Amino acid sequence: MPDHAGAPRARVDLRLFGSRLALEVTGTSSGVSVETFGATEQEGVSVADVRRKPKAGAPAA
């Protein structure tokens, strides 16, 4: 799924390992960028459905 700037990204759900974290991996012109974010513990909520606001000053892809 593309990020806010249209770059390719994937999310990795770490809740399967007893964590409340998820990773967002975004492709950039020089490699990849990885950001962590909190994920709800509610069952049935996919990390792909989580809406995140772009960080102020985040590098463009």
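Each value, and the rule that gives it
Residues numbered from 1 in each chain as written. Predicted model: local features only at pLDDT ≥ 70, side-chain atom pairs only at ≥ 80, totals over all residues. Heavy atoms only, no water. Salt bridge = Lys/Arg side-chain N within 4 Å of Asp/Glu carboxyl O. Helix = DSSP H or I, 4+ residues; strand = E, 2+ residues; numbered from the N terminus. Buried < 20%, exposed > 50% of the residue type's maximum accessible area, 1.4 Å probe, protein only. Polar contact = N/O pair within 3.5 Å; in protein donor to acceptor, adjacent residues only side chain to side chain. Pairing = 2+ DSSP bridges. Axes fitted to C-alpha atoms, helices over the stretch in contact; angles between N-to-C directions.

Colleague: Which residues make up the pattern of salt bridges, and what values do they have?
Modeller: For the structure on display, the rule yields 3 salt bridges. Among the salt bridges present, the one from R15 reaches D13, with a minimum N-O distance of 2.8 Å. A single salt-bridge network, built from bridges that share partners, covers R9, R11 and E24.

Colleague: Give me the lowdown on the side chain of R9, citing residues and values where you can.
Modeller: Relative to the helices and strands, R9 is located in strand β1 (residues 9-13). When its relative accessible area of 17% is taken as the criterion, R9 is described as buried. Within the structure, R9 has its side chain in polar contact with the side chain of E24 (distance 3.2 Å).

Colleague: Break down the pairing of strand β3 (residues 31-38) for me, citing the residues and quoting the values.
Modeller: Looking at chain direction, strand β2 (residues 21-28) and β3 are connected through 8 bridges and run antiparallel. Along β3, the bridge assignment pairs T26 with S33. Count of turn residues in the β2/β3 antiparallel hairpin: 2 residues.

Colleague: Break down the sheet that holds β1 for me, citing the residues and quoting the values.
Modeller: Note on sheets: strands pair through backbone hydrogen bonds, and any given pair is parallel or antiparallel. Strand order across the open sheet formed by 3 strands is β1-β2-β3, with antiparallel pairing between neighbours. One side of each edge strand has no neighbouring strand; the edge strands of this open sheet are β1 and β3. Direction aside, the axes of adjacent strands within the sheet are offset by 20 degrees on average.

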